[in-house]
Amino acid sequence: MELELWENLIDKVQTGNTYLIHNLSVRLRRGKKVLGTTKSTIIRATNDQQLLHLSNDGATNISSSKTITVEQFDSVDRVEKFKKCVKCHKKVIQIAYTLTTQCDHCKRTIRTADCRDGIWAKVSFTAANGEPVTLVMFEEIITTHFTNTQEDIDIQSLSQTLLSLKNINVTFDDNNIVTDLNFAPA
Ligand SMILES: [Zn+2]
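As a starting point, this report considers the structure included with it. Keep in mind the model is a prediction, meaning the values are calculated, not measured.

Cut-offs used in this document
- Residues numbered from 1 in each chain as written.
- Predicted model: local features only at pLDDT ≥ 70, side-chain atom pairs only at ≥ 80, totals over all residues.
- Pairing = 2+ DSSP bridges.
- Helix = DSSP H or I, 4+ residues; strand = E, 2+ residues; numbered from the N terminus.
- Axes fitted to C-alpha atoms, helices over the stretch in contact; angles between N-to-C directions.
- Buried ≥ 20, exposed ≤ 12 C-beta atoms within 10 Å, placed from the backbone.

1. Things to note about the sheet that holds strand β4 (residues 65-70)
Inference 1: Taken in spatial order, the three strands line up as β4-β10-β11 in an open sheet, and their pairing is antiparallel. Of all the strands in the sheet, the pair left with one neighbour each is β4 and β11 (178-182). Between one strand axis and the next, the sheet turns through 20° on average, direction left out of account.
Inference 2: Relative to strand β10 (residues 168-173), β4 is paired through six bridges, and the arrangement is antiparallel. Opposite K66, over in β10, you have F172 as the bridge partner.

Now the structure itself:
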């Protein structure tokens, strides 16, 4: 899991040293969990021998992902298209059909026409053991595999394409978020 360090905390760490860090927060960044610092984050250097000998591999395996082959998706449970704030890239909840819109997140007033489309989709399939599985695909995956340009996303054709896929190799993480897709062209 990645850790994002901000401002004055960056100077407190050096490559090759080991630290004990208290009071972190977990955030979602483009569908991936990352650790972030808060006002109460404390960073202390440590000489703990057990921690010093932890390998990098051990650290990166904490978040696991798996790849399985899905014969076909059973359903597209939801596709949502929304407008993104041109500055903070978060979803603008109440897009105004006027020249300007105020972002609900960063409170900036922006030109409505500058807000690009964002999209996410939820699909279901039945795993080999009979269990139903629901996966979420975020914009990066959708635009990489199913559209030519970001401006070009159409909910209906995306749903049709998703349901027409066969033998899909899906890689997803602990949160059932799709991180990679592979399929033969139809
Ligand atoms: Zn914003």
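2. So, the sheet that holds strand β2 (residues 19-29)
Inference 1: Pairing in this open sheet of three strands is mixed, and the strands run β1-β3-β2 from one edge to the other. On the outer flanks of this sheet lie β1 (2-4) and β2, each paired with one strand and no other. The average angle at which neighbouring strand axes cross in this sheet is 40°, direction not considered.
Inference 2: Inspection of the sheet shows β1 paired to strand β3 (residues 32-45) by three bridges, in the parallel sense. Residue pairing in the sheet places L3 in a bridge with L35 of β3.

3. With respect to the pairing of β2
Inference 1: Sparse coverage of β2 is indicated by the burial of zero of its eleven residues.
Inference 2: Here β2 pairs with β3 via ten bridges, running antiparallel. Residue pairing for β3: V26 is matched across the bridge by L35.

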